[in-house]
Amino acid sequence: MKKLGIYIHVPFCLKRCNYCGFYSNAMTDATGAREAQTHYVQWLIGKIREKGEEFRKKYLVDTIFIGGGTPTILQPEAIEAIMGAIRENFAVESDAEITIESNPKTLTPQKLKRYRATGINRLSIGAQSMDDDILKYLGRAHDRADFLETYEMARKCGFDNINVDLMFAIPGQTKAQWQDTVEQVIMQDPEHISFYSLQIEEDTPFYNDYIDGRLVPLDDGLDRDMYHWAIGRLKSAGYTHYEISNAAKPGYECRHNLKYWSFDEYLGIGDSASSFMNGIRTTEKPREEYHENDFDDNAGEFVFTGLRKRQGISKREFAERFGREFWDVYEGRRARVQEFFDSGALLEEGDRLWLSEDGIDISNQIMAMFV
Amino acid sequence: MKQKYIRNFSIIAHIDHGKSTLADRIIENTGLVAHRDMKEQYLDNMDLERERGITIKLQTTRLVYKAKDGNEYIFNLIDTPGHVDFNYEVSRSLAACEGAVLVVDCTQGVEAQTMGNVYLAMDEDLEILPCLNKIDLASARPDETKKEIEDMIGIDAEDAPLVSAKEGIGIDGLLEKIVQVIPPPSGDENGKLKALIFDSIYDNYKGVVIYVRVFGGSVKVGDMIRLMATKKVYEVTEVGVMAPGHVPSKYLSAGDVGYICASIKEVKDARVGDTVTLDDDPTDQAMPGYKKIQSMVYCGIYPAEGEKYEPVKDALEKLQVNDAAFLFEPETSTALGFGFRCGFLGLLHMEIIVERLEREFNLSVVTTSPSVVYKVVLNDGTIKMIQNPTNLPDPAEIDHIEEPIVKADIMIPKDYVGTIMELCQKRRGKMLSMDYITTERVDLHYEMPLNEVIYDFFDALKSKTKGYGSLDYEFIRYENSNLVKLDVLLNKELVDAFSMIVHESEAYNRGRFVCEKLKEIIPMHQFEVPVQAAVGQKVIARETVKAYRKDVIAKCYGGDISRKKKLLEKQKEGKKRMRQFGKVEVPQEAFTAVLKYDDNK
């Protein structure tokens, strides 16, 4: 049976962060919020049932990712209901990786224990920084102490696979501040660390500030310095850098996210959730999208997402999936790609094609050769 | 006497004042073209003309009007091009008429170009019939406009017909006025043949079709005609009238407007302004006012990356067949390879040709900085006319350089006088005088180097006057000037396509502007790209396009893949439109961007 990753979108947050472009609604009014959430979860469960009827016979679910938004602001009953609905309507592998995204300040021991009881075995914590001033600037609802408390709580409640999300290249941030954040998180010894260079997304407060000149992006040189330093430091602390912005202890790479970079199928359920099923990319309302991939789409996506992984892509797999040899397809681009082989940004050996660490910095123009 | 029932006239107006729409209504109301066959703006028949709302190629139409006096009149409506670049063509069209309908948009009033055309009409001694358009609009101010016409032009506007071409209001009144006011043609039908060429087009089957106004004698099929300026002789194969398609007739005689076909191969052999006469019984005197066409602005046109040379050449040849004012010859550029040096009447003419290459011929081309023609006097006294900055001789050999000076008439609302005087000052203008046309409108008279006018003066004028300013200019003389060649170096290598000749006092500003613009437009490379502007060996401005440090998508999860792929595709497309100079990639639009007026600079 084919494997499937399920993504559940929960579009609610305590408040919107200044940089975030994901689809979500800030919940300020407690009563109204509770109602909207209950309503949404009921609708979600209906959707899960619907999708289950369509796919349960053909797929075995091996990863589940409950993301958002901040799914942990939901009542524990809601998460239990969602997990129950998935198990009822899909065949879920016994050792499936089941992640829930969270923000500090939204968790309690009781919530965490009940999550564990539903089979959720991986917790992702949006820490972003260990510097309270920076957290404030980002518009986060928590501070450093909240994170440490949440982290300790999660360990106590039995989470032995924890990811910590971090952000760098924040306007005004110094390299020392970034180093301090990384060191403090390494000290906590999470299984997985994601580290993102701040991206200015459209329709966010940061974007408006940027357009009006109030936000001056960090110098690219410093950005890259922070990035490469982090890769080195994480490696020395026993982490494997396995994707552009992700590192994990061996065996703890996020299996769900790897599907996105490995041309695997995934089913998104919920507002604005995206799916890739049977060669069709769709996104639910309100950011609706529908696209049937053709050969060029498939080949381009396989290569560009695959090159995000440090191990890169397998040309044999390419040929198996698409029925044509890799370099036959890209013969016409070879001369221009050569420039990147020459500078050592792109590497090829045996079956594999991958980016060097320096190549990552200019990965867009390399990937653009293959789309 | 058939002449009594002929009226030959033009419509003159400023762009946007509704000339073409009015022509449509006149055609419609005389019943010649059925309403359902009318495309909007019948006379503007090039797509580009209709889109830009201007007339480039002339269209002439013969109409029949049954007047209130019971007689049928033949109206020959001779269209005129509507832009300052085409002044000569306008003057020849006017010379073919006895009168002109002056259309003034009475929400706008009289503008500089209206005046330009009025003077041209007055030079030809035409009877001018003013007519106020857009009378249906709430902002119409007919009384003020009448007063403006009387004050500025000195003609009686009291009885000027009030029309709305768009709504078809007042057209009958205008047609009656045309009969009453515009005089019929005169001239001896039995005299010697004397006909003025006011336009010519190329027809695939008939060869060149020349449009003429016959001033004396007559012409028929089989006659041997002589074109007096080119001194060439041809046998007439067809004559006829434009109704508006070609309708053959037995002959054309004094007072008539019509066409002649005589197996002429190229439009340049039948020049506008030339006189047609009979070879065996020629008239003594040609029509006055013939001028050889003079290209005022030159630029290089090169096939863009991925485009071939031959199709561009074929397209230019095809355009030239129909446009005697457009010149081209092959040239080469170290930066751009094989291409063409092209001559135009003005910047608009140049833009139109480039746009036609792109649209009608689906070609992608690169244009180099436009240049005027400089008169370079060498130490040994020889004179060289230079229209390509790259060909400027070594400064050591040059005694001095002269540049063309034009007289510019700029008409603006009075609130902008300060701003525009400052602009003209910056463009090395010398103010001659300033007239108050009305209490609100001012006519500024300047002498300015043409070089300053062609780059972006018109855009700047429009921008600084919120679109109300208008400009008219004509060449007056060459003048000694302190000019230097400004070069652009990318990654230390000279890119000749960017070279331009500028006044020494402007070199620094221009150099800095070009460097800043290129820095914005040239994408980052894997290495740093210095962008330099230099005069001779001296670098006067410098910018650096930084090397790529970061060109990476940090987050790419399930919902990002389609969007990020589009981003990468866009990046790839961008690369395709690049032109390679050494190791530096330059987007096509860079060549025009360095010329464009920028409000912020």
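Residues numbered from 1 in each chain as written. Chains lettered and ligands numbered in written order. Predicted model: local features only at pLDDT ≥ 70, side-chain atom pairs only at ≥ 80, totals over all residues.

### A word on the overall build of chain A
Let me state the cut-off plainly: Helix and strand definitions follow DSSP, with helices as H or I runs of at least four residues and strands as E runs of at least two, each counted in order from the N terminus. Counting other C-beta atoms within 10 Å of a residue's own tells you its class, since 20 or more makes it buried, 12 or fewer makes it exposed, and anything in between is partly exposed; those C-beta atoms are placed from the backbone. C-beta atoms are first placed from the backbone for all residues, and any pair lying within 7 Å is then listed as a contact.
Assigned secondary structure in chain A consists of 15 helices and 17 strands. Here chain A holds 371 residues, and the buried ones make up 43% of them. Once local pairs closer than 6 in sequence are excluded, the contacts in chain A between residues at least 24 apart make up 71%.

### Regarding unusual backbone geometry
Excluding glycine, most residues fall at negative phi; most peptide bonds, likewise, are trans. In this model, G68 of chain A is joined to G69 of chain A through a cis peptide bond whose omega is 15°. Within the secondary structure, G69 of chain A sits in the loop between β4 (59–68) and α2 (76–89). The backbone of R428 of chain B shows a phi angle near 60°, a positive value even though the residue is not glycine. Counting through the fold element by element, R428 of chain B comes out in the loop between α9 (417–426) and β23 (430–436). With 18 C-beta atoms counted inside 10 Å, the residue R428 of chain B sits in the partly exposed group.

### As for the nonpolar core
To keep things clear, this is the line we draw: What we call a nonpolar core is a set of buried Ala, Val, Leu, Ile, Met, Phe, Trp, Tyr and Cys residues whose membership is set by joining through C-beta atoms within 7 Å.
Counting 163 residues, the largest nonpolar core has A100, L102, I260 and I410 of chain B as the members making the most contacts within it. In this structure, I6, F65, F90 and V182 of chain A belong to the second largest nonpolar core, which totals 74 residues.

### Describing the sheet that holds strand β1 (residues 6–13) of chain B
Note: strands within a sheet are paired through backbone hydrogen bonds, in either parallel or antiparallel orientation. Residues and elements named next belong to chain B. Formally: Between any two strands, at least two bridges found by DSSP are needed for them to pair. Angles here are taken between N-to-C directions and fall from 0 to 180 degrees, while the axes themselves are lines fitted to C-alpha atoms, restricted in helices to the stretch in contact.
Spatially, 5 strands are ordered β2-β3-β1-β4-β5 in an open sheet, and the strand pairing comes out mixed. Looking at strand neighbours, the two that pair on one side only are β2 (60–66) and β5 (127–133), the edges of this open sheet. When the angles between neighbouring strand axes are averaged without regard to direction, this sheet yields 30°. Two strands pair when backbone bridges link them, and β2 and strand β3 (residues 72–78) are joined in this way by 7 bridges, in the antiparallel orientation. Along β3, the bridge assignment pairs T61 with L77. Those strands touched by helix α1 (residues 19–29) are β1, β2, β3, β4 (99–105) and β5, and its axis lies near 155° from that of β1.

### Points about the sheet that holds strand β10 (residues 232–235) of chain B
Residue and element names in this part refer to chain B. Overall, antiparallel pairing links the 8 strands, which are arranged β10-β9-β15-β6-β7-β14-β11-β12 in an open sheet. Taken across any chain shown, the strands that pair with only one partner, and hence form the sheet edges, are β10 and β12 (246–248). In this sheet, adjacent strand axes meet at a mean angle of 40° when their direction is disregarded. Strand direction decides the pairing type here: strand β11 (residues 238–242) and β12, joined by 3 bridges, are antiparallel. The residue bridging V241 from the neighbouring strand is V247, located in β12.

### Here we look at the UniProt feature "binding site: GTP" (unreviewed entry) in chain B
All names here are of chain B. Here is the rule we go by: UniProt positions are given in the numbering used here, feature names are shortened, and annotations may be inferred rather than shown by experiment.
Per the UniProt annotation, the sites labelled "binding site: GTP" (unreviewed entry) are D16, H17, G18, K19, S20, T21, N133, K134, I135 and D136. Position of H17 relative to the elements: it lies in the loop between β1 and α1. The class of H17 is buried, set by 28 C-beta atoms lying within 10 Å. Assignment of secondary structure puts I135 in the loop between β5 and α5 (142–153). With residues near it in sequence (within four places) discarded, I135 still touches C106, A140, P142, L162, V163, S164, I169 and G170.

### Focus on the packing of helix α6 (residues 175–188) of chain A against helix α8 (residues 220–236) of chain A
Residues and elements named next belong to chain A. Note the following rule: The labels follow the angle: roughly parallel below 35 degrees, roughly antiparallel above 145, roughly perpendicular from 65 to 115, and oblique for the rest. Two helices crossing with the near one rotated counterclockwise from the far one by less than a right angle form a left-handed crossing, whereas a clockwise rotation gives a right-handed crossing.
In contact at an axis separation of 10 Å, α6 and α8 are set at 25° when each is read in the N-to-C sense. In terms of orientation, α6 and α8 fall into the roughly parallel class. You can see that α6 and α8 cross each other, and the crossing is right-handed. Here α6 contributes K175, W178, Q179 and V182 to the contact with α8, which in turn contributes L222, D225, M226, W229, A230 and R233.

### A word on helix α3 (residues 109–117) of chain A
Residue and element names in this part refer to chain A. Test applied: An arc is given here, and it is the one of the directions from the helix axis to the C-beta atoms.
Every buried residue of α3 is listed here: K111, L112 and Y115. Along the axis of α3, the buried residues cluster in a sector spanning 95°; they form a single face. Relative to its buried face, α3 has exposed residues pointing more than 90 degrees away, namely P109 and Q110. For α3, the secondary structure elements touched by its buried residues are α2, β5 (92–102) and α5 (144–156).

### Side note on the packing of α1 of chain B against helix α6 (residues 171–181) of chain B
Residue and element names in this part refer to chain B. It is the contact of α1 with α6, at a shortest axis distance of 10 Å, that shows an interaxial angle of 85°. The angle between the axes of α1 and α6 places the two elements in the roughly perpendicular class. Between α1, through R25, I26 and N29, and α6, the contact on the second element is made entirely by I171, D172 and L175.

### Structural notes on the confidence of the model for chain B
Residues and elements named next belong to chain B. Cut-off, in case you're wondering: Every residue is assigned a pLDDT by the predictor, reflecting its confidence on a scale from 0 to 100.
Confidence in the prediction of chain B, expressed as mean pLDDT, is 86, and 93% of residues score 70 or more. Between residues 33–46, whose pLDDT stays under 50, and residues either more than four places distant or in other chains, the model counts 26 contacts. Residue range residues 48–57 is modelled with pLDDT below 50. Its contacts to residues more than four positions away, or to other chains, number 24 contacts. Confidence metrics for the complex model read pTM 0.61 and ipTM 0.92.

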